[in-house]
Amino acid sequence: MTDIGHKAPVTVVIPCFNEQDGLPMLLERLRRMHQAPATHDWHFLFVDDGSSDDTFRILLQATRDESWIEVLRHPQNMGLGAALRTGFAHVRSPIVCTMDSDCTYPPERLPELATLIRRGADVATASPWHPDNEDSEDSEGTTLRLTLSRSASLVYRAMIGQEVHTFTCLQRAYRLESLHALSFRADGFSAVAEIMLRSLMAGHKIAEVPMPLEARRFGESKLRVGDAIMAHMGLLTLTAATVSFRQLIRMLGR
Ligand SMILES: Nc1nc2c(ncn2[C@@H]2O[C@H](COP(=O)(O)OP(=O)(O)OP(=O)(O)O)[C@@H](O)[C@H]2O)c(=O)[nH]1
Ligand SMILES: [Mg+2]
C-alpha cells in the first residue's frame, strides 16, 4: 500500500444533474473549504450529466474563475454511476472523494473521511445508518427514499455478513489505487452500493463515520424509487450468487 502524505491532494468528484438552484451555495462552501488552511489540497471535479437547466453554464463559469474547479460533461443523461465512472477515470490524486451536489451531507466534513484514507482505510463513508448517529432529517417526500436506503443497507449487511451500516451514501473518500482495482457496472444510483459491495468482497478496509443526512434545500430529487428498487434487486441477486459461489468453493476446498 502506497503511503499518502499529510498534504496530499484530494479530488472531489461531484455528479450533477439539473442542480442549478443549489450551485451558488455549493460553490461558495467549496471556495471556503479550498481557502481554509486545511490538511489537504482540494480540487473539485464536477460531472454534468446532460443537464437541461443552467447547471453546465454555471459550472463552466466557475472553472473560468477558479483553477481548482473542473467540469466534464455528458452530452446526454447517462446516470449517476456512469457519471462517477467518467469522473474517476480523470482523477490523478491519491485520494478521491465523492459527494452529493445538493449538500445533504456537509462538504466541510470531507476532510475527516480523507484523513481516514491517509491512516490506512481504502474506503471511508459517511454513515447515516450507523447506530451512533443522531436521526437523519426527514422532510416532506423523503420518507420513502430514506426507508429504501436504510432497508437496502440492512439487507446488504445481512448478506455480506460484515459490520458496515450504510451502503448507499455518496459522501465518501477512497484510496485511488484501491478504487482503480475495482470495476462496477451499474449506471444509475445503485452504483454507490455496488462499489461498497465490491470493495468488501475485495477485502478492502472500510471506515464509517456516523453523519446525519440533511434535507435537500434546493431543486428536487432525481431518485426514482421504482427504478432504484429494481436496481437493488438486481444487485442483491448478483451479490447472493457471488457469496454462494465463494461458500461453495470454500466447501470444495476443505
Ligand atoms: N451525474 C448525475 N448525477 C446525478 C444523476 N441523478 C442524480 N445525480 C446527482 O446525485 C446526487 C444525489 O441525487 P439526489 O437527487 O439528491 O438523490 P437523493 O439524495 O437520493 O434524494 P434527495 O432526498 O432529494 O436528496 C445529486 O448530487 C444529484 O445531482 C444523474 O443522472 N447523473
Ligand atoms: Mg440528495
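Just so you know, these numbers come straight off a predicted model, no measurement behind them. (Residues numbered from 1 in each chain as written. Chains lettered and ligands numbered in written order. Predicted model: local features only at pLDDT ≥ 70, side-chain atom pairs only at ≥ 80, totals over all residues. Heavy atoms only, no water.)

A word on the overall build of the protein. In terms of regular secondary structure, the protein is built from eight helices and seven strands. Here the protein has a C-alpha radius of gyration of 18 Å; the compact-globule value for 254 residues is 18 Å, and the two agree. Taking the principal axes of the C-alpha coordinates as reference, the protein spans close to 60 × 45 × 35 Å. Burial statistics for the protein: of 254 residues in total, 52% are counted as buried. Sequence-distant contacts, at least 24 apart, represent 80% of the contacts inside the protein between residues at least 6 apart. By element, 53% of the accessible surface of the protein is carried by carbon and sulfur atoms, the whole surface being about 12300 Å². With 27 positive and 31 negative side-chain charges, the protein shows a separation of 6 Å between the mean positions of the two kinds. (Helix = DSSP H or I, 4+ residues; strand = E, 2+ residues; numbered from the N terminus. Rg over C-alpha atoms; globule rule 2.2 N^0.38 Å. Buried < 20%, exposed > 50% of the residue type's maximum accessible area, 1.4 Å probe, protein only. Contact = heavy atoms within 4.5 Å. Areas by Shrake-Rupley, 256 points an atom, 1.4 Å probe, with all protein chains shown as cover. Lys, Arg positive; Asp, Glu negative; His and termini not counted. Charge placed at Lys NZ, Arg CZ, Asp CG, Glu CD.)

Glancing now at the site of ligand 1. Neighbouring ligand 1 are 21 residues; Glu19, Asp49, Ser101, Asp102 and Lys222 lie closest to it. The separation between a nitrogen atom of ligand 1 and a polar side-chain atom of Asp49 is 2.5 Å. Contacts to ligand 1 include Ser101, whose side-chain N or O atom sits 2.6 Å from an oxygen atom. When isolated, ligand 1 has an accessible area of 620 Å², and the protein chains bury 91% of it. Broken down by secondary-structure element, the contributors of at least two residues to the shell around ligand 1 are β1 (9-16), β2 (41-49) and α3 (80-90). (Near = heavy atom within 4 Å. Polar contact = N/O pair within 3.5 Å; in protein donor to acceptor, adjacent residues only side chain to side chain.)

The next thing to look at is the sheet that holds β2. Reading across the sheet, the seven strands line up as β3-β2-β1-β4-β6-β5-β7 and stay open at both edges, with mixed pairing between neighbours. Unpaired on one side and paired on the other, β3 (69-74) and β7 (206-210) mark the two borders of the sheet. Adjacent strand axes in the sheet meet at a mean angle of 20 degrees, parallel and antiparallel pairs treated alike. For β1 and strand β4 (residues 95-98), the ladder comprises four bridges, and the chain directions are parallel. Note that in β4 the partner of Val13 across the bridge is Thr98. Against the sheet, helix α2 (residues 55-65) engages β1, β2 and β3, with an angle of about 150 degrees to β3. The sheet contacts of helix α7 (residues 191-201) involve β5 (123-127), β6 (172-175) and β7, and relative to β6 the element is tilted by about 40 degrees. (Pairing = 2+ DSSP bridges. Axes fitted to C-alpha atoms, helices over the stretch in contact; angles between N-to-C directions.)

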